[in-house]
Amino acid sequence: AQTVTQSQPEMSVQEAETVTLSCTYDTSESDYYLFWYKQPPSRQMILVIRQEAYKQQNATENRFSVNFQKAAKSFSLKISDSQLGDAAMYFCAYRSETGTASKLTFGTGTRLQVTL
Amino acid sequence: EPEVTQTPSHQVTQMGQEVILRCVPISNHLYFYWYRQILGQKVEFLVSFYNNEISEKSEIFDDQFSVERPDGSNFTLKIRSTKLEDSAMYFCASSPGQGFVYEQYFGPGTRLTVT
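For every chain, the first residue of the written sequence is number 1, and numbering continues from 1 along that sequence. Each chain gets a letter, beginning with A, and each ligand a number, beginning with 1, in the order they are written. It should be noted that, the model being predicted, local features are given only for residues of pLDDT at least 70 and side-chain atom pairs only at 80 or more, the latter also being counted only at that level, while totals for whole chains, interfaces and linings use all residues. Note that water and hydrogens are dropped before the side-chain values are worked out from all heavy atoms of the structure.

(A) Focus on the packing of aromatic side chains. Here a Phe, Tyr or Trp ring, Trp counted by its six-membered ring, pairs with any other such ring whose centre lies within 6.5 Å, and the pair is stacked when the planes are under 30 degrees apart, edge-to-face when over 60, and tilted otherwise. Taken as a whole, this structure holds 20 aromatic pairs over all chains when the rule is applied. A ring pair is formed by A:Phe68 and A:Phe75, whose centres lie 6.3 Å apart and whose planes are at 80 degrees; its orientation type is edge-to-face. In this pair, the class of A:Phe68 matches that of A:Phe75, namely buried. Among the aromatic residues, those joined into a ring-pair cluster are A:Phe35, A:Tyr37, A:Phe91, A:Phe106, B:Tyr33, B:Tyr35, B:Phe45, B:Phe91 and B:Phe106. Three exposure classes are used, based on accessible area relative to the maximum for each residue type with a 1.4 Å probe and protein chains only: buried under 20%, partly exposed in between, and exposed over 50%.

(B) Local environment of the environment of B:Lys78. Residues and elements named next belong to chain B. Residue placement: Lys78 occurs in strand β8 (residues 75-79). According to the relative accessible area criterion, Lys78 is partly exposed, its value standing at 27%. Two residues qualify as a contact provided that any one of their heavy atoms is within 4.5 Å of a heavy atom in the partner residue. The contact partners of Lys78, leaving out residues within four places of it in the chain, are Glu18, Val19, Ile20, Gln64, Phe65 and Ser66. To qualify as a helix, a DSSP run of H or I must reach at least 4 residues; to qualify as a strand, a run of E must reach at least 2; elements of each kind are numbered from the N terminus.

(C) Inspection of the side chain of B:Ser58 at higher detail. Residue and element names in this part refer to chain B. With respect to the element layout, Ser58 can be found in the loop between β6 (53-57) and β7 (65-68). Identification of polar contacts relies on pairs of N or O atoms within 3.5 Å, with a donor-acceptor requirement for protein atoms, meaning one able to donate a hydrogen and the other able to accept it, and with residues adjacent in sequence counted only if both atoms are side-chain atoms. Of note is the side chain of Ser58, whose polar atom sits 2.9 Å from the backbone oxygen of Phe45. When residues no more than four places from it in sequence are discounted, the contact partners of Ser58 are Phe45 and Leu46.

(D) Representation of the nonpolar core in the model. Residue and element names in this part refer to chain A. What is meant by a nonpolar core is a set of buried Ala, Val, Leu, Ile, Met, Phe, Trp, Tyr and Cys residues, joined one to another through side-chain atoms within 4.5 Å. Core analysis: the biggest nonpolar cluster contains 25 residues, and Tyr25, Trp36, Phe75, Leu77 and Tyr90 have the highest contact counts within it. Counting only elements with at least two residues in this core, the list comes to β3 (19-21), β5 (32-39), β6 (46-52), β8 (64-69), β9 (74-79), β10 (88-96) and β12 (110-115). Looking at which element gives the most residues to this core, the answer is β10, with 4 residues.

(E) Seen up close, the interface of chain B and chain A. Taken together, the 24 residues of chain B in the interface contact 23 residues of chain A. Here the buried area means the combined drop in accessible surface, using a 1.4 Å probe, for two parts upon being joined, counting both sides. Each partner contributes to the roughly 2,200 Å² buried at the junction of chain B and chain A, and carbon and sulfur atoms together form 53% of this total. The salt bridge definition used is simple: a Lys or Arg side-chain nitrogen within 4 Å of an Asp or Glu carboxyl oxygen. For the pair chain B and chain A, the interface holds 1 salt bridge. A salt bridge links A:Lys103 to B:Glu56; the nearest nitrogen and oxygen atoms lie 3.5 Å apart.

Here it is as structure tokens:
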């Protein structure tokens, strides 16, 4: 079974600064997908960014980018120019490439605080 | 923009009672999911549903749970005899397909409190 580990329960960043959230995972599969979801106080899960394991190029979405290290099974999220609205819980998630209606396996989350 | 909706937003029930949590997935989506999040913990997969049958279920999804798509729009999660440990946030999600490009869209969740 796949596992996802987020070792940082909480992180803090000053507005306009850059922060990196860590995620590691364990799998025996070679093809899979990785995601970062944001959960603001409203509790709704919002997709931030995704990465295909077979792609070496790191995904970017505006101020959000990932550092995907397949051999190390590491998938960190970098948030540049942090904004107050970035304050939320961030969950790393894994999804298998095979199987129908593949489930997401989530990590325990990192609570990000953004300070002035 | 289409979105997944869930009702009610908060449900309080007594232990042993049956509850039905309702979800309206995005209209052209074919794959449906339920996840739950116990307060302060990670989001956990419960069940996936496709073509009117369960595709996969987790160990959490035991005989007290069931899912149904009673009509063309609703997707429900029933808990037959609630326990205190069923208190959690329940999220419904839907996806138009199963490939990588098909994002799972989450609803706002139903907070279930079992007393």
